[in-house]
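# A structural walkthrough
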Amino acid sequence: MTKHVIFLVILLSNVVYAQNSSGGGEAYPYLKTNVEALKKFQDSKFGMFIHWGPVALRGTEISWSRGVQVPIDDYDNLYKEFNPVLFNASDWVTTAKNAGMKYIVLTTRHHDGFCLWDSKYTNYDMASTPYGKGIIKDLSEECKKQGIDLGFYYTICDWHHEDYPVVYPDENYKFHEEKEITNPEVKQKMDRYIVYMENQLKELIEAYDPSFIWFDGEWEWAWTHEMGMELYAYLRNIKEDILINNRVDKGREGMAGTTKSYKYAGDYATPEREIGKYDVTNAWESCITIANQWAWKANDKLKTRKQCIQTLVQTVGGGGNLLLNVGPMADGRIEERQVVRLKEIGSWLDLYGEAIYNTRGGPYLPNDYLVSTHKDNKIYLHLLKHPDGNINLPLPKGFEVKNAHFVNQADFLNLKIKKGYFEVIVPEKLPDSDVSVIVLEMNKSTINMKSVENDVY
Ligand code: JFZ
């Protein structure tokens, strides 16, 4: 009997947390996203994206500068000078950890084709540099040691590989429609190229046990919906609980990154360079740079503390995760001013982390003044600006507010309950200059709370 009750509770809690996601797409509808892995991912909220490679020697954008600002011949030989003697996995992971990040996603291979590990399947890799060895082994061991999840960015396009048919730069490079390959020679090359990718991905998973594979480059014409679903199934077959972003398939809607429909494979959506739209049903992660470029650039304009923290709370309040990108320098270090900025975010999270980690977005729809998160019997109101006096919000249906106070402050704020509304009087001086957080203690668990429109604040 108790066994059945326990089973039922597990089943129900899965139902509560189960997000709509495509998983295997129309070819593999039974290949559902792993529920526990997705829950852990959504609980962790904040990760570090790392874009790195020999191009850091030039300070231009990774891959996109190949054949544009940097002649192809120069670009493809940069690895011969790439010797990041100051790379220290512990420094990178500690930097992420001190920022309050729970996972790291590293560009194992970007569109320029260079591989950051020692790959059996190519010599265009770290082992062929003066440094002489891959860096992913150290990084994965350090992540395990410090309790940080590790994911691998691996792009589908490789503009350096002889079998890959798309050439960049071409005249009007933009998102391409998928196209059937009619030339049998090209078809043969593409088939060989897919085997190359599968081999490398299997090599990465077996050697370093990543939690996520973060695909990219799926927009090029040579990649088809069928290829995407096959690759998704191939990887889930190697590691059942791996999470794979929606760029494995063709279902992504531009930079907004949402998935067009369940016919496409993928476990979460990937808005790029923007905070995703409010969506507490589907899993998503915004990737945003701490400076301007993905890869390191001297004097690249850094986002302010306020921009970073507000981006984080707006993302989480909208139901997503934030993957904040840093580009380490050619010598292997993360630039000091970036380390300092990341530490500032971490210090904010030391105080306000309870309003971020393990929460879900909403119930209030984001506006210019506030975003909200919730967990247990609490709603958190993250203030992006001073509301000038008071906050006036509709009560979620069936809930009561017991009291209101700032996170980490014992004093209750002045609270007035009106018909269907409540009002919190906000003191003139807020505890944090960039984002202060008010906790509303509710009369019951907020877990199944529905979203609430808030035309007033
Ligand atoms: C892609 C990458 O190309 C970029 O370098 C970075 O890794 C990011 C996370 O993902 O972003 C894109 C995708 C498509 C275009 C530009 C940037 N495009 O087609 O112009």
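Rules used throughout
Residues numbered from 1 in each chain as written. Predicted model: local features only at pLDDT ≥ 70, side-chain atom pairs only at ≥ 80, totals over all residues. Heavy atoms only, no water. Helix = DSSP H or I, 4+ residues; strand = E, 2+ residues; numbered from the N terminus. Rg over C-alpha atoms; globule rule 2.2 N^0.38 Å. Buried < 20%, exposed > 50% of the residue type's maximum accessible area, 1.4 Å probe, protein only. Contact = heavy atoms within 4.5 Å. Near = heavy atom within 4 Å. Polar contact = N/O pair within 3.5 Å; in protein donor to acceptor, adjacent residues only side chain to side chain. Areas by Shrake-Rupley, 256 points an atom, 1.4 Å probe, with all protein chains shown as cover. Nonpolar A, V, L, I, M, F, W, Y, C, P; charged D, E, K, R; others polar. Patch = residues over 30% accessible without salt bridge, like charges linked within 9 Å, V, L, I, M, F, W, Y side chains within 5 Å. Salt bridge = Lys/Arg side-chain N within 4 Å of Asp/Glu carboxyl O. Lys, Arg positive; Asp, Glu negative; His and termini not counted. Charge placed at Lys NZ, Arg CZ, Asp CG, Glu CD.

The helix and strand tally for the protein chain stands at 9 helices and 17 strands. Taking 23 Å as the expected radius of gyration for a compact globule of 457 residues, we find that the protein chain reaches 23 Å, a close match to that expectation. Over its C-alpha atoms, taken along the principal directions, the protein chain stretches across nearly 70 × 50 × 45 Å. Counting the 457 residues in the protein chain, one finds 58% classified as buried. Considering only contacts within the protein chain whose residues lie at least 6 apart along the sequence, 72% involve residues at least 24 apart.

Right, let's get into the site of the ligand. Contacts to the ligand come from Phe-49, His-51, Trp-64, His-110, His-111, Tyr-153, Phe-175, Asp-216, Trp-219, Arg-247, Glu-272 and Trp-294. Contact distances for the ligand include 2.9 Å between an oxygen atom and a side-chain N or O atom of His-110. Between the ligand and Tyr-153 there is a distance of 3.4 Å, counted from an oxygen atom to a side-chain nitrogen or oxygen. The fraction of the free accessible surface of the ligand (450 Å²) that becomes covered by protein chains is 88%. In terms of residue class, the shell around the ligand is made up of 6 nonpolar, 3 polar and 3 charged.

Moving on, we get to the side chain of Arg-252. Its location among the elements puts Arg-252 in strand β6 (residues 252-253). In this structure Arg-252 comes out as buried when scored by relative accessible area, which is 6%. In terms of polar contacts, Arg-252 uses its side chain to reach the side chain of Glu-218, at 2.9 Å.

A few words on a negative patch on the surface. Taken together, the side chains of Glu-26, Glu-177, Glu-178, Glu-226 and Glu-230 make up a negatively charged region of the molecular surface. Mapping Glu-226 onto the fold places it in helix α7 (residues 225-238).

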